[in-house]
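This is what each chain is made of:
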Amino acid sequence: MMNNNLIPYKENIFTKISKYFQKIFSKKIANKETKLEFNQIKNNFLENIKIPEDTELNRLKKLQLQYDNGDIEEDDISEEDIEKICEMYEKETEELNADTEKRKIHIAYMLKELKNF
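A quick note: this is a predicted structure, and the numbers were derived from the prediction, not measured.

> Explain the nonpolar core here, please?
Across soluble globular proteins, nonpolar side chains have a tendency to be buried as a group. Counting seven residues, the largest nonpolar core is built from Leu60, Leu63, Ile72, Ile77, Ile82, Ile85 and Met88. At the level of secondary structure, the elements contributing two or more residues to this core comprise helix H2 (55-69) and helix H3 (79-116). When residues of this core are assigned to their parent elements, the largest contribution, three residues, is made by H3. Setting aside anything within four residues of it in sequence, one finds Leu63 in contact with Ile72, Asp81 and Ile85.

Here you go:
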């Protein structure tokens, strides 16, 4: 009859070294996968919170600045751009007037309080 016992496994120096390297590299691979997942989540988050730029508005503001600085003349700007820039000026004027009105009301309130004091 034959003895069917398993052959005892003896660990020698080479198997210890190979297990050590396998252990190290398996951790690095797991860390790399974790970092990749984290970077993907981070990129998705950054894309979600990014505010898209209005390129047309930026272009008009550059034209407005160049016109205000005297770099370009009114003849160099197209009629459509002139109309859009005029609308921008009107919006800015309305915002300034509203802000000025708020400040007047606040100053009047402060003067009234000082008189009552």
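> Explanation requested: the side chain of Asp81 in the structure shown.
Mapped onto the secondary structure, Asp81 falls in helix H3. The exposure class of Asp81 is buried, given its relative accessible area of 11%. At 3.2 Å, the side chain of Asp81 and the side chain of Ser78 are in polar contact.

> Explain the pattern of salt bridges to me, please; I cannot follow it from the model alone.
Opposite charge on two side chains allows them to pair when their charged atoms are near. Inspection of every chain in the model, using the stated rule, returns four salt bridges. One salt bridge connects Glu56 with Arg59, and the closest N-O pair in it is separated by 2.7 Å. Of the two residues, Glu56 and Arg59 both sit in helix H2, three residues apart, roughly one turn of that helix. On the basis of relative accessible area, Glu56 is assigned to the partly exposed category, the value being 29%. Salt-bridge contacts for Arg59 lead to Asp81; the nearest nitrogen and oxygen are separated by 2.9 Å. Remark: Asp81 occurs in helix H3 and Arg59 occurs in helix H2; sequence separation between them is 22 residues.

How each quantity is defined
Residues numbered from 1 in each chain as written. Predicted model: local features only at pLDDT ≥ 70, side-chain atom pairs only at ≥ 80, totals over all residues. Heavy atoms only, no water. Core = buried A, V, L, I, M, F, W, Y, C linked by side-chain atoms within 4.5 Å. Buried < 20%, exposed > 50% of the residue type's maximum accessible area, 1.4 Å probe, protein only. Helix = DSSP H or I, 4+ residues; strand = E, 2+ residues; numbered from the N terminus. Contact = heavy atoms within 4.5 Å. Polar contact = N/O pair within 3.5 Å; in protein donor to acceptor, adjacent residues only side chain to side chain. Salt bridge = Lys/Arg side-chain N within 4 Å of Asp/Glu carboxyl O.

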